[in-house]
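Observations on the three-dimensional arrangement
Spelled out from the first residue to the last, the chains are:
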Amino acid sequence: MSIAITGASGELGTHILASFYEKQPTAPIVALARDPSKVKTSFEVRKFDYEGEAQSQISALSGVSVLILISSSVIGSRTKHHTAVIEAAKAAGVHTIIYTSVLRAPTTTLAVAPEHKETEEVLKNSGLKYVFLRNGWYLENWTGSIAGSIAAGGILGSNKGAA
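Right, let's walk through the structure included here. (Residues numbered from 1 in each chain as written. Predicted model: local features only at pLDDT ≥ 70, side-chain atom pairs only at ≥ 80, totals over all residues. Heavy atoms only, no water.)

**Regarding the sheet that holds strand β4 (residues 64–69)**
Spatially, the six strands line up as an open sheet ordered β3-β2-β1-β4-β5-β6, and their pairing is parallel. The open sheet is flanked by β3 (44–47) and β6 (129–133), the only strands paired with a single partner. Taking each pair of neighbouring strands and ignoring which way they run, the sheet shows an average axis angle of 20°. Looking at chain direction, strand β1 (residues 2–5) and β4 are connected through four bridges and run parallel. Each bridged residue has a counterpart across the sheet, and for I3 the counterpart in β4 is V66. Across the sheet, helix α3 (residues 78–92) touches β4 and β5 (96–100), and the angle it forms with β4 is around 170°. (Pairing = 2+ DSSP bridges. Helix = DSSP H or I, 4+ residues; strand = E, 2+ residues; numbered from the N terminus. Axes fitted to C-alpha atoms, helices over the stretch in contact; angles between N-to-C directions. Contact = heavy atoms within 4.5 Å.)

**Re the nonpolar core**
Grouped together as the largest cluster of nonpolar side chains are 34 residues, with contacts concentrated most on L17, L32, L61, L67 and I97. Secondary structure elements with two or more residues in this core: β1, α1 (11–23), β2 (29–33), β4, α3 and β5. Leave out the neighbours within four places in its chain, and L32 touches A4, I5, T6, G7, A8, R46, F48, A60, L61 and L67. (Core = buried A, V, L, I, M, F, W, Y, C linked by side-chain atoms within 4.5 Å. Buried < 20%, exposed > 50% of the residue type's maximum accessible area, 1.4 Å probe, protein only.)

**Section: the pattern of salt bridges**
In the structure shown here, the tally under the stated rule is three salt bridges. Taking the shortest distance from any N to any O, the salt bridge between E121 and K124 comes out at 3.4 Å. Note that E121 and K124 are positioned in helix α4 (residues 113–124) at a spacing of three residues, about one turn of the helix. Judged by its relative accessible area of 36%, E121 is partly exposed. Judged by relative accessible area, K124 falls into the partly exposed class, the value being 38%. (Salt bridge = Lys/Arg side-chain N within 4 Å of Asp/Glu carboxyl O.)

Pasting the structure below:
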């Protein structure tokens, strides 16, 4: 059984690979990235593009049992990208997809939620086993603006409802 991670050169993908390496350095992990040269790992690395041709996606997923599908960063194209990946995974024989969604995907009014909700529906109807990781906002998403926030004198946030 091998586990593949999409977006392996990104922030979350890099953290997932490091965590796997720390716990199981010889595990059968496949790092998938648009530019394999950007992935720094001892695990197998394969070229994989959310916008790639179906056959290249299927080939990259060959031998994979579980796919960790990190959501595409291209707002407005996520559902299209994710659907293509899900279809390729199914064709390649992947049996489980773990998808990084958003908190309360079915009901939230967050602007990014509709594409996550749509992807969840595609997965539910795919015939594959699935797990939704309904993550909150990642701390890394704030770090790029910390300097400006400090210069401005503070950070404003909100929490609607109970934590």
